[in-house]
Amino acid sequence: MNLKDFYAKLSVFVMVVFFMLCCQHQDKPIPPKTDPVFDIHSFAREAIIHHAELDLEVDFITRRIIGVVTYQIEPRGQENIFFDTQGPDVTQVKVDGKQSQFTFGLEDKILGKALIVPIKSTSKSVEISYTTQADAAALQWLTPQQTAGKKHPFLFSQGQAILTRTWIPIQDSPGIRFRYKARVKVPKELMAVMSATNVESKSIDGIYHFEMPQPVPAYLIAIAVGDLQFEQLGPRSGVYAEPSMLAKAVYEFSDTEKMINTAESLYGPYAWDRYDLLVLPPSFPFGGMENPRLTFVTPTVIAGDRSLVSLIAHELAHSWSGNYVTNADWNDFWINEGFTTYFERRIMESLYGKEYTDMLAVLAKKDWVAANRDIGSTNKDTHLHLDLKGRNPDDGMNSIAYEKGAFMLQMLEDTVGRDTFDLFLNKYFSQHAFQSMNSAKLLDYMNHHLPIDSLRIDLKEWIYNPGIPANAENPVSNRFEQVDTAYQKMFKSGKWAIDGVKKWSSHEWVRFISQIQDTAKPEQLKAIDKAYHLTVSGNSEILNIWFEKAIRTGYSKEIMAEIEAFLIQIGRRKYLVPIYRALRGKGQIETARRIYLQAKPNYHSIAVNTIDQLLKE
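Quick summary incoming for the structure in this document. Residue positions are given per chain, counted from 1 along the sequence in the order it is written. Predicted model: local features are reported for residues with pLDDT of at least 70 only, side-chain atom pairs are reported and counted for 80 or more only, and whole-chain, interface and lining totals are derived from all residues. Processing note: side-chain calculations cover all non-hydrogen atoms of the structure and skip hydrogens and water entirely.

Section: the pattern of salt bridges
(1) Moving on: What counts as a salt bridge is simple: a side-chain nitrogen of Lys or Arg found within 4 Å of a carboxyl oxygen of Asp or Glu. On inspection of all chains with the given rule, the structure shows 29 salt bridges.
(2) Moving on: Where R183 meets D55, a salt bridge forms, and the shortest distance between an N and an O atom there is 3.0 Å. Of this pair, R183 sits in strand β11 (residues 178-185) while D55 sits in strand β1 (residues 48-59), and the two are 128 residues apart along the sequence.
(3) Moving on: Among the residues examined, R183 registers a relative accessible area of 29% and is labelled partly exposed.
(4) Moving on: Salt bridges sharing common partners tie together R346, E349, E413, R418 and D422. Helix and strand assignments come from DSSP, with helices taken as H or I runs of at least 4 residues and strands as E runs of at least 2, each series counted from the N terminus. Classification of residues uses two cut-offs on accessible area relative to the type maximum, computed with a 1.4 Å probe and protein chains only: under 20% is buried, over 50% is exposed, and between them is partly exposed.

Some details on the packing of aromatic side chains
(1) Moving on: We call Phe, Tyr and Trp rings a pair once their centres come within 6.5 Å, taking the six-membered ring for Trp, and we label the pair stacked below 30 degrees between planes, edge-to-face above 60, and tilted otherwise. Overall, the coordinates contain 40 aromatic pairs when judged by the stated rule.
(2) Moving on: Summarising the aromatic geometry, the rings of F156 and F284 are spaced 5.6 Å apart at their centres and angled 75° between planes, so their arrangement reads as edge-to-face. Within this pair, whereas F156 is found in strand β10 (residues 154-157), its partner F284 is found in the loop between β17 (275-279) and β18 (288-289), the two being separated by 128 residues in sequence.
(3) Moving on: Taken together, a centroid distance of 6.2 Å and an interplanar angle of 50° make the contact between W330 and F333 tilted. Each member of the pair, W330 as well as F333, carries the same accessibility label: buried.
(4) Moving on: Note that K113 overlies the ring of F104, its terminal NZ or CZ placed 4.7 Å from the centroid.
(5) Moving on: The residue whose ring lies beneath K365 is F407, and the NZ or CZ to ring-centre distance is 5.8 Å. Counting as a charge over the ring demands two things of the Lys NZ or Arg CZ atom: a distance within 6 Å of the ring centre and an angle within 35 degrees of the ring normal.

A closer look at the pairing of β17
(1) Moving on: In terms of burial, β17 is a largely internal element, five of the five residues being buried.
(2) Moving on: Alternating positions in β17 separate into two faces, Y275, L277 and V279 on one and D276 and L278 on the other, with burial throughout.
(3) Moving on: By definition, two strands form a pair when at least two bridges between them are found by DSSP. Pairing analysis gives four bridges linking strand β16 (residues 237-241) to β17, with the strands arranged parallel. Bridge assignment links S237 to a residue of β17, and that residue is Y275.
(4) Moving on: Pairing of β17 with strand β19 (residues 294-297), which is carried by four bridges, proceeds in the parallel orientation. The residue of β19 that forms the bridge with V279 is V297.

Set out below in structure tokens:
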């Protein structure tokens, strides 16, 4: 035996002993494996799932889902298979159809606990019977009063980053993909939809069948149940919404099919057959969630003038970057979001022109600079590649991943040329379809397929260093320059009604309001409000920054009722944080807590966790 073979056999022996010890000592926490295929936020080992079948019954009375999930598995020589759980009560486990013993590892406050099931090298399936907890973090149960129609309850899930384990015992890692089918029983007056194939009308018996033929990670399994109707937008796109919201949604999202065609012309065929949208109640904590085949969307993007549809372009772009090529673990969340944000702007430029996307880029750079300042320019959390060991991956889901990632790709486009960069991205997506990607692997791929060395591009500075690199673009916008001129004219003359201002897009209003100094007098904001009625704007982007500015300048005393109504109705975390933070910063934390006490039942657990931290002692 040569030395190389000896060390190879020794390595295998050490791994076998390690896993035997893990299986025998289940009274101790099981450290997540750090292999690139599996991430630090999952208990999964080499034995993995590759197909799931769900049988679910949704009970609105107890606010629980009663479920059976059957996995087809690949044992890979292991004596146990490990699942992630955080809350579901597991009542029975079967292996290859026969009842099996099962145990749990010790509970971790972030990861939950491992469900450990003994298997053989020949095992083919594991069946788990379970019931969710009423407070499962991924699920939000809404009363009729919390919906648009006020007649029926509503349920939706939000799995990203590691919340799917709160409603399904599963291998909850973005590096593990599988196909799934589902049978879902709901009250007859409601409709169920999932991130899979969907029907377009309610079933007579309240039973729905779904299939996801493409392999997806656990965080992309999603479900919603409510009083829903469907309307077609194009040959392969449509929208689900509550009846009272449907017509508005159809108008707002009428360009969806154009977006799909534009995206395909840039980076290759759409791989998910259909692209439908689901408009959720206002408590949804995000702008959108890129669940394959069925993007979940906040109603706050329905402004009546299609001014906020860049969010739809963003979620559509995830069909390539994120859903098609996925970050292997949450330390590299930027690989999902940075590519998607860059792609979003390319779609918007193709549809609405460069002047429009110049505004988006300027606002994005402002957000990045602000996040960099708030987090700290030398803080490791301003890296693209993060170290989230021992932390909730939600901690890394801020604008750094989106904007620093997108500006890095924009820098590459500017340096190598758009044609060269587009060819690169087409190859990147096609060669890594339905696979995982991490920073090290991506950097190596870029070094081999782009002229990085000859152009002296230092991507390591962008990925592994803090702050804003010196070669980051400083975008400019002609339309914003006109806004700035109008701002100066208003505040110098004291004349607030200026021709042309009423035709501004929401982006121009956001720019204008952001220019107002915190030292501005309340009566000045009152005059602007009288001229343009910003406090009663139907546009959530405008309301968000206007209310924040009103608090910081003292004008909020006159419009506190409207601010309070906004905070109680809207659950989107992007809007909640700046307003609550402004209240806290102006010494109004008791007011913030009073409002939050009323609003909290309307918020998803993701938003609750953030606001709890913001308003704590």
